[in-house]
Amino acid sequence: MPARILIVDDTPASAKVLAAKLTAEYYDVVVATSGPEALINAAEDDPDIILLDVMMPDMNGFEVCDRLKADARTAHIPVVMVTALGGRDDRIQGLAAGADEFLTKPVDDTTLMARVRSLLRLKQMLDQWRLREETGQRMGLVEGALPSLDDGRGAKVVMIGDSSLENGTVDSVLSADGDVVFSVAPGVGAEQRILEHQPDVVVLSFGEDADPTLRLASALRSLEPMRQIPIITIGDDVDMPAMIKALELGSNDYITRPLDDQELLARVRTQVRRKRYQDRLRDLFLSQLSMALTDSLTGLHNRRYLDSHLEGVMRRVADNNRPVTLLMIDIDHFKVVNDNHGHAVGDTVLVAVAERILRNVRGFDLAVRYGGEEFVVVMPDTDLAVAAPVADRLRQRMAETPVPVDAEVDNLTVTLSIGVAQSRDATETSAALLKRADTALYAAKNSGRNSVVTDPPIE
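Residues numbered from 1 in each chain as written. Predicted model: local features only at pLDDT ≥ 70, side-chain atom pairs only at ≥ 80, totals over all residues. Heavy atoms only, no water.

Draft legend 1. Highlighting the nonpolar core. Leu 327, Ile 329, Ile 331, Val 353, Ile 357 and Phe 375 are the most contacted members of the largest nonpolar core, which has 32 residues in total. Taken together, the elements giving at least two residues each to this core come down to β12 (324–331), α12 (334–341), α13 (343–360), β14 (374–380), α14 (384–400) and β15 (416–422). Formed by 26 residues, the second largest nonpolar core is a distinct cluster that contains Ala 3, Leu 103, Met 125 and Phe 364. (Core = buried A, V, L, I, M, F, W, Y, C linked by side-chain atoms within 4.5 Å. Buried < 20%, exposed > 50% of the residue type's maximum accessible area, 1.4 Å probe, protein only. Helix = DSSP H or I, 4+ residues; strand = E, 2+ residues; numbered from the N terminus.)

So, in structure tokens, the structure goes:
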């Protein structure tokens, strides 16, 4: 996944080594040599992650991080402090300033890349919500600025671990700072008990065997209500490979034992602030744009919203050289459904197709009812190699599972034809991309329907 990473370091040799490691992983790297320069770059270029040194003249890394988090334009950008400072007080000060991680040089490459990948997933999700909010503002449907981060206090935290002593420590520390902590015993049914508490953060503690904790983290991420809930893991130094694996499975952060009260508070606060920020973006978007920009039948966004949103997505292609791929979806022989069974049954089919589209795409993809029986899915930062299998999986699942209608009409087998088109370059317009996806769709219909055609063709 391509991404732009801003390195802030006044030591050229150190910045060069770090940039080389990231470039080798195909990231786009920008270097700033001072705090003021970093603030300008962050506001103007919107990097995906900032790797920030602490010891710099004029403005140190702590002050830079404070200013980044105080500015609504940059508060959402993940910050990793990468510094020679290794003291407990320095780490706590960095985390309290809003940094997502504090890594001491020399940095272990595996740990660094795992943190980068984890934070990129978070930033990608936030970017899509911010982009949708900005779309509403451009269309005059939303007033006011983007929300800012709060203090992260008063959270509902669920703690899962075998050690009653550690569970009590977490409860004591967080409760004293205004949080409500619920302890859940690990084992069968833990996922459901966690869901019942509707937490803001879940803390998972590694025991002697890391496998049950990793399986629980994976299971939580597979549940729709838990996909955006932050997960923090706790483990010993020997558990570091497992904690890195947890990051790859979707956890957000980790803490190594022995637990430090202030570090625990700082890391929980960071995750709560980010969750609330994303929740406010989502709630603001849904409440103010729902009536104007959604299809009343299916609940998907409508063409009016797509026209504006896709313009913003295409600008990201130009700015960051990241592809966007469209799925153009048409229900085969839909007119026959209306003619033979009536429009009420046709509406039932449209709703069923919309629901299955949402179940088969990612949370940050945009699904739209384009008009009539046509749908569009916008997949940002995605190429054909990823999008085409998604389209074919949707096609297969639609064909294999008939749509339940009512007692008077047998379940209907519905098939889809899908055209898939990937953006060509930074000069292509949204209209041109839509046209190519539409052309691919008609090729799919002309080939016998119930098929997927890509543009350009996949060899």
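Draft legend 2. A look at the side chain of Thr 111. Mapped onto the elements of the fold, Thr 111 is located in helix α5 (residues 109–138). Here Thr 111 falls in the buried class, since its relative accessible area comes to 11%.

Draft legend 3. Looking closely at unusual backbone geometry. Of the consecutive residues Lys 105 and Pro 106, the connecting peptide bond is found in the cis state with omega at -5 degrees. For Pro 106, the position within the fold is in the loop between β5 (101–104) and α5. Positive phi values are uncommon outside glycine, yet Arg 449 reaches one of about 65 degrees. With respect to the element layout, Arg 449 can be found in the loop between α15 (430–446) and β16 (452–455). Take Arg 449: its relative accessible area is 31%, and that puts it in the partly exposed class.

Draft legend 4. Spatial organisation of helix α3 (residues 61–70). Residues of α3 that are buried: Gly 61, Phe 62, Val 64, Cys 65, Leu 68 and Lys 69. Down the axis of α3, the sector holding all buried residues measures 160 degrees, keeping them to one side. (Arc of directions from axis to C-beta.)

Draft legend 5. Examining the environment of Leu 174 more closely. Inspection of the secondary structure assignment puts Leu 174 in helix α6 (residues 164–176). Exposure remark for Leu 174: the relative accessible area of 0% places this residue in the buried category. Contact partners of Leu 174, with chain neighbours within four places excluded, come to Val 157, Asp 179, Val 181, Leu 264, Leu 265 and Val 268. (Contact = heavy atoms within 4.5 Å.)

Draft legend 6. Inspection of the pairing of strand β13 (residues 366–371) at higher detail. When you tally the buried positions in β13, you get five out of six residues, the bulk of the element. Note: strand β11 (residues 301–302) against β13, two bridges, orientation parallel. Residue His 301 lies in a different strand from β13, and its bridge partner there is Val 368. Linking β13 back to β14 in an antiparallel pair, the connection comprises two residues, with Gly 372 at a positive phi of about 60 degrees. (Pairing = 2+ DSSP bridges.)

Draft legend 7. Seen up close, the layout of surface pockets. As a volume, the largest pocket reaches approximately 1,600 Å³. Lining the largest pocket are 44 residues, and of these Met 125, Arg 227, Gln 228, Gly 363 and Phe 364 lie nearest its centre. Of the pockets and cavities examined, the second largest pocket occupies roughly 470 Å³. Of the residues in the lining of the second largest pocket, the class split is three nonpolar, three polar and twelve charged. (1 Å grid on protein atoms, 1.4 Å probe; cavity = no way out; pocket = protein on both sides within 12 Å on 5 of 7 lines; lining within 4 Å. Points joined across faces, edges and corners; volume = space filled by probe spheres on them. Nonpolar A, V, L, I, M, F, W, Y, C, P; charged D, E, K, R; others polar.)

Draft legend 8. Fine view of the sheet that holds β12. If you trace the six strands from one edge of the open sheet to the other, you get β11-β13-β14-β12-β15-β16, paired in mixed fashion. Strand pairing shows two members of the sheet lacking a second neighbour, β11 and β16, which therefore form its edges. As defined by bridge partners, β12 adjoins β15 across seven bridges and the pair is classed as antiparallel. Residue Ile 331 lies in a different strand from β15, and its bridge partner there is Leu 416. Packed on one face of the sheet, α13 meets β12, β13, β14 and β15 and runs near 10 degrees to β14. (Axes fitted to C-alpha atoms, helices over the stretch in contact; angles between N-to-C directions.)

Draft legend 9. Geometry of empty space enclosed by the protein. Within the structure shown, the criterion is met by two cavities of 30 Å³ or more. Approximately 40 Å³ is the volume attributed to the second largest cavity. Every residue lining the second largest cavity is listed: Val 313, Arg 316, Val 317, Arg 322, Pro 323, Val 324, Pro 380 and Asp 381. By residue number, the principal contributor to the lining of the second largest cavity is helix α11 (residues 303–320), which donates three residues. For the lining of the second largest cavity, the class distribution of residues is five nonpolar, no polar and three charged.

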